[in-house]
Amino acid sequence: MNAPATTAHLQPLTTPRPVPQAMLDALAARFGAQYSAAQAVCEQHGRDEGSLQAPPPAAVVFAESTQDVQDAVRLAAQYGVPVIPYGAGSSLEGHLLAVQGGISIDMGRMNRVLSVDADDLTVTVQPGITRKQLNEAIKDTGLFFPIDPGADASIGGMASTRASGTNAVRYGTMRENVLALEVVTARGEVIRTGTRAKKSSAGYDLTRLMVGSEGTLGLFTEVTVRLYPLPEAVSAAICSFPTIEAAVRTVIQTIQLGVPIARVELIDANSVRMVNAHSKLRLREEPLLLMEFHGSPAGVQEQAEVVQDIAREWDGNAFEWATTPEERTRLWTARHNAYFAAVQSRPGCKAISTDTCVPISRLADCLLDSVAEADASGIPYFLVGHVGDGNFHFGYLLDPAVPAERETAERLNHQLVARALRLGGTCTGEHGVGVHKMGFLVDEAGEGAVEMMRAIKRALDPQNILNPGKIFAL
């Protein structure tokens, strides 16, 4: 494989470009209090939730409008300085690292809802609004935005990494749900891609090109996404299984039968134990499926009964229902806090999180072999998965003072991704490539396809100033 499994790639290659003082002075003059070169501010904007590290950016601009983004990018283009967009800081693969230096543009203040078109089931927002803020803002419309990657990520960041999450099995990913974008290009121009219409045959699909580009082709300043009616009835259930295989086989059969389940999450016994301790729950410490059903009352009941029958065939037990909003919130909050529960379970540890996605028919093969390898390694780990669409996550809990543990985790990640690719899957289902999975992209797509990506990047960003050193090397 092109992605090395040795310690040589445990930290990204950093080749900082100089940031002229003249540019910093120009930024300070233009942005005033919206500009900072304070060390603490730069360090905050030079790290994400992943394990890789790099020197921080030279300065941070807090954008409040499309014009702000334009002006910052135009100055960057004038001086040939890298620009790194910053949303909520929740990415996991080094997307925010200033591996070639430059400045960070923080979109957090661009967090307004610009228009709600309830009749067309769409909303247009600024990129810094988070998914929770968006749903709070539209709660009186009877609509909601379903994409839920777990973290309260920004909509712009979710679009840039093509995020998905717990609801993707029913509602799709950001790829299917972003209809249009306003984008600032590498030259500081503003373009618009797509419309609020549900389909189009007009020219190249620039929206799909931009979604998932991880800030390397343009900076999003407006995002138009689909909304969905709040379901008439919602019911959640948990079911424990004697083995991971039994839980996974239940999911596979459910999907293959066409049951329109809204969410189905796998939590392994390690994770259940950690969640119980962190969230003060009393779940059976066995592999667990956490499921949610949306629809009419009769439809929800029918879906649940079918899944319950399938679960019984695989020795599922302790089927418990959570029908009130409070009960559902308690369970899903515990699921979303699985990462923090895991970190808390080993004080002082560092969590190395990775994800892959495989065709649903190969999910059991990929998961079971990966679990066996993780068990044999002796490294504490947790496993959670949006298994309804074949996506799952391993988190390895490492002592940062023991380099051998980091090497072991990287080896496990390498083996996991190689297995997923052999089974027709992808190196990342939703985290994105960033810095950490650049080599894996070549293994997955091939040199020819990656060279085509490079050609697009060179054409749209000839100075290589937009989040350089991410996805692939130029």
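Criteria and thresholds
Residues numbered from 1 in each chain as written. Predicted model: local features only at pLDDT ≥ 70, side-chain atom pairs only at ≥ 80, totals over all residues. Heavy atoms only, no water. Helix = DSSP H or I, 4+ residues; strand = E, 2+ residues; numbered from the N terminus. Contact = heavy atoms within 4.5 Å. Buried < 20%, exposed > 50% of the residue type's maximum accessible area, 1.4 Å probe, protein only. Arc of directions from axis to C-beta. Phe/Tyr/Trp six-rings, centres within 6.5 Å; stacked < 30°, edge-to-face > 60°. Lys NZ or Arg CZ within 6 Å of the ring centre and 35° of its normal. Polar contact = N/O pair within 3.5 Å; in protein donor to acceptor, adjacent residues only side chain to side chain. Pairing = 2+ DSSP bridges. Axes fitted to C-alpha atoms, helices over the stretch in contact; angles between N-to-C directions. Salt bridge = Lys/Arg side-chain N within 4 Å of Asp/Glu carboxyl O.

Below, the discussion takes up the environment of Gly142. Inspection of the secondary structure puts Gly142 in the loop between helix H4 (131–137) and strand E7 (143–144). Note: C-alpha distance between Gly142 and Ala262 (120 residues apart in sequence) is 18 Å. Here Gly142 is in contact with Tyr228, Pro229 and Leu230, once residues within four sequence places are set aside.

Along helix H13 (residues 338–345), the positions that sit buried rather than exposed are Ala338, Ala341 and Ala342. Looking straight down H13, one finds that the buried residues subtend no more than 100° of arc, so they occupy a single side.

Looking now at the packing of aromatic side chains. For the structure on display, the rule yields 9 aromatic pairs. A ring pair is formed by Tyr171 and Tyr228, whose centres lie 5.0 Å apart and whose planes are at 70°; its orientation type is edge-to-face. Highlighted residues: Tyr171 in helix H6 (residues 168–171) and Tyr228 in strand E11 (residues 228–229), separated in sequence by 57 residues. Each of the two residues, Tyr171 as well as Tyr228, counts as buried. Residues Phe293 and Trp321 carry aromatic rings whose centres are separated by 6.2 Å and whose planes lie at 45° to one another, so their mutual orientation is tilted. Remark: Trp321 occurs in strand E15 (residues 317–322) and Phe293 occurs in strand E14 (residues 288–295); sequence separation between them is 28 residues. Judged by its relative accessible area of 0%, Phe293 falls in the buried class. Across from the ring centre of Phe31, 4.4 Å away, lies the NZ or CZ of Arg30, which sits over that ring. Lying over the aromatic face of Trp332, Arg263 brings its terminal NZ or CZ to 4.1 Å of the ring centre.

The subject of this paragraph is the side chain of Arg131. Residue placement: Arg131 occurs in helix H4. Among the residues examined, Arg131 registers a relative accessible area of 8% and is labelled buried. A polar atom in the side chain of Arg131 sits 3.0 Å from the backbone oxygen of Ala151. Discounting residues that sit within four places of it in the chain, Arg131 has contacts with Ile147, Asp148, Pro149, Gly150, Ala151, Asp152, Ala153, Ile155, Met158 and His336.

Inspection of the secondary structure puts Asp106 in strand E4 (residues 103–106). Sequence separation between Asp106 and Tyr396 is 290 residues, and the spatial gap between their C-alpha atoms is 30 Å. Setting aside residues up to four positions removed in sequence, Asp106 forms contacts with His45, Val60, Val61, Phe62, Ala63, Tyr86 and Gly87. Of the polar contacts made by the side chain of Asp106, one reaches the side chain of His45; its length is 2.6 Å.

In this section: the sheet that holds E14. One open sheet accounts for 7 strands, arranged E15-E12-E14-E13-E17-E18-E16; its pairing is antiparallel. What marks the edges here is a single partner per strand, and that holds for E15 and strand E16 (350–357). Averaged over neighbouring strand pairs, the angle between their axes works out to 15° when direction is ignored. For strand E12 (residues 233–240) and E14, the ladder comprises 8 bridges, and the chain directions are antiparallel. Paired with Ile238 across the strands is Leu290, a residue of E14.

Spatially, the 4 strands line up as an open sheet ordered E1-E2-E4-E3, and their pairing is mixed. This sheet does not close on itself; its edge strands, each paired only once, are strand E1 (35–36) and strand E3 (83–86). Bridge count for E3 against E4 is 4 bridges, and the pairing is parallel. The residue bridging Pro85 from the neighbouring strand is Ile105, located in E4.

The full count for this structure, using the stated rule, is 26 salt bridges. Linking Arg249 and Glu245 is a salt bridge whose minimum nitrogen-to-oxygen distance equals 3.5 Å. With Arg249 and Glu245 both in helix H9 (residues 244–256) and 4 residues apart, this pair spans about one turn of that helix. Here Glu245 falls in the partly exposed class, since its relative accessible area comes to 34%. Here Lys457 and Asp461 are joined by a salt bridge, their closest N and O atoms 2.7 Å apart. In this pair, the class of Lys457 matches that of Asp461, namely buried. Bridged by salt links that share partners, the residues Arg131, Asp148, Arg263 and Glu292 form one connected network.

We note that Arg162 has phi near 55°; this positive angle belongs to a residue other than glycine. A positive phi is found at Asn464, a non-glycine position, where the angle reads about 55°. Assignment of secondary structure puts Asn464 in the segment after helix H17 (447–460). Relative accessible area serves as the criterion here: at 14%, Asn464 is assigned to the buried category.

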